[in-house]
Amino acid sequence: MPIRSNTWNRILSFRRAPTTIRALVRREFGLRVRTMKYYEEALTHSSMLDGDSTGLKSNERLEFLGDTALDLIVAAYLFQDFPNEQEGGLTQRKSKIVNRKTLNLVGEKMDLALHIRAKMRRKDIHSTVVGNALEAIIGAIYLDHGFHKTNLAVMRMLRRHGA
């Protein structure tokens, strides 16, 4: 029995990159975007500010906020799940999850680079730019939804990507 084309579309749809930031946040974090300006800022690389007089903001402040939220979320998770682990062991575990290489890889798996606004060619967007944008997205989610939902969403995303 031949497989109909709509069946193939459903089978292959999990490999397609989300076409909008709303779709990406929904797929990766399980949340709806309420305030789009946070996510637009999270995906704006500092190169876009060169010569801009409109008041555009880069993702660097949201990256700082997202990095801090991510550290707390992972630290709290490890603290609860490893009650007999000492501080040094918890720190090592946390550093494996929230390190630059892991975040870059997770951001690349999400196809986050497709959504980053930058004054550079797509192929010149390095993995560190993608990892920084992932942290900024986490910061945007925090502003949009608060800590409790951010905690759940980040843990969902980390599990989804095996971090």
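Reference entry: report on the structure contained in this document. (Residues numbered from 1 in each chain as written. Predicted model: local features only at pLDDT ≥ 70, side-chain atom pairs only at ≥ 80, totals over all residues. Heavy atoms only, no water.)

Comments concerning the overall build of the protein chain
Of regular secondary structure, the protein chain possesses seven helices and zero strands. Residues counted as buried form 37% of the 163 residues belonging to the protein chain. When contacts within the protein chain are restricted to residue pairs at least 6 apart in sequence, those whose partners lie at least 24 apart make up 65%. Counting every atom, the protein chain has about 10,000 Å² of accessible surface; 53% of that belongs to carbon and sulfur. (Helix = DSSP H or I, 4+ residues; strand = E, 2+ residues; numbered from the N terminus. Buried < 20%, exposed > 50% of the residue type's maximum accessible area, 1.4 Å probe, protein only. Contact = heavy atoms within 4.5 Å. Areas by Shrake-Rupley, 256 points an atom, 1.4 Å probe, with all protein chains shown as cover.)

Comments concerning the nonpolar core
In a soluble, globular protein the nonpolar side chains are often hidden away together inside. One finds Phe-29, Tyr-39, Ile-137 and Met-157 to be the most contacted residues of the largest nonpolar core, which totals 40 residues. Mapped by element, the contributors of at least two residues to this core are α2 (21–29), α3 (36–42), α4 (60–81), α5 (87–98), α6 (100–109) and α7 (127–160). No other element matches α7, which puts 14 residues into this core. The contacts of Phe-29, once residues within four sequence positions are left out, are Leu-24, Met-110, Leu-134, Ile-137, Ile-138, Ile-141, Ala-153, Val-154, Arg-156 and Met-157. (Core = buried A, V, L, I, M, F, W, Y, C linked by side-chain atoms within 4.5 Å.)

Notes on the side chain of Glu-135
Tracing the backbone shows Glu-135 in helix α7. Residue class for Glu-135 comes out buried when judged on its relative accessible area of 2%.

Examining the packing of aromatic side chains
Scanning the model with the defined rule gives zero aromatic pairs in all. Across the ring face of Phe-82, the terminal group of Arg-93 is positioned such that the distance to the ring centre comes to 3.9 Å. (Phe/Tyr/Trp six-rings, centres within 6.5 Å; stacked < 30°, edge-to-face > 60°. Lys NZ or Arg CZ within 6 Å of the ring centre and 35° of its normal.)

A look at unusual backbone geometry
Its identity as a non-glycine residue notwithstanding, Asp-111 has a phi of 65 degrees, on the positive side. If you trace the backbone, Asp-111 turns up in the loop between α6 and α7.

A word on α5
For α5, built from 12 residues, the straight-helix expectation of 16 Å at 1.5 Å per residue is met to within 8% by its first-to-last C-alpha distance of 16 Å. Along α5, the residues classified as buried are Gly-89, Leu-90, Ile-97 and Val-98. Viewed along the axis of α5, the buried residues span an arc of 150 degrees, placing them on a single side of the element. Structural note: α5 exposes Gln-92 and Lys-96 on the side pointing more than 90 degrees away from its buried face. Lining the buried residues of α5 we find α4, α6 and α7. (Expected span 1.5 Å × (residues − 1). Arc of directions from axis to C-beta.)

Here's the deal with the packing of α5 against α6
Between α5 and α6, the least distance of the axes is 5 Å, while the angle of their chain directions is 35 degrees. Contacts between α5 and α6 involve Lys-96, Ile-97 and Val-98 on the former and, on the latter, Arg-100, Thr-102 and Leu-103. (Axes fitted to C-alpha atoms, helices over the stretch in contact; angles between N-to-C directions.)

Here we look at the packing of α6 against α7
Running from N to C, α6 and α7 point in directions that differ by 85 degrees, and their axes come no closer than 8 Å. Judged by the inter-axis angle, α6 sits roughly perpendicular to α7. Residue-level contacts link Arg-100, Leu-103, Asn-104, Val-106, Gly-107 and Glu-108 of α6 to Ser-127, Thr-128, Val-130, Gly-131, Asn-132, Leu-134, Glu-135 and Met-157 of α7. Across the contact of α6 with α7, the residue classes break down as five nonpolar, six polar and three charged. (Parallel < 35°, antiparallel > 145°, perpendicular 65-115°, else oblique. Nonpolar A, V, L, I, M, F, W, Y, C, P; charged D, E, K, R; others polar.)

What is shown is where atoms sit, not what they do.
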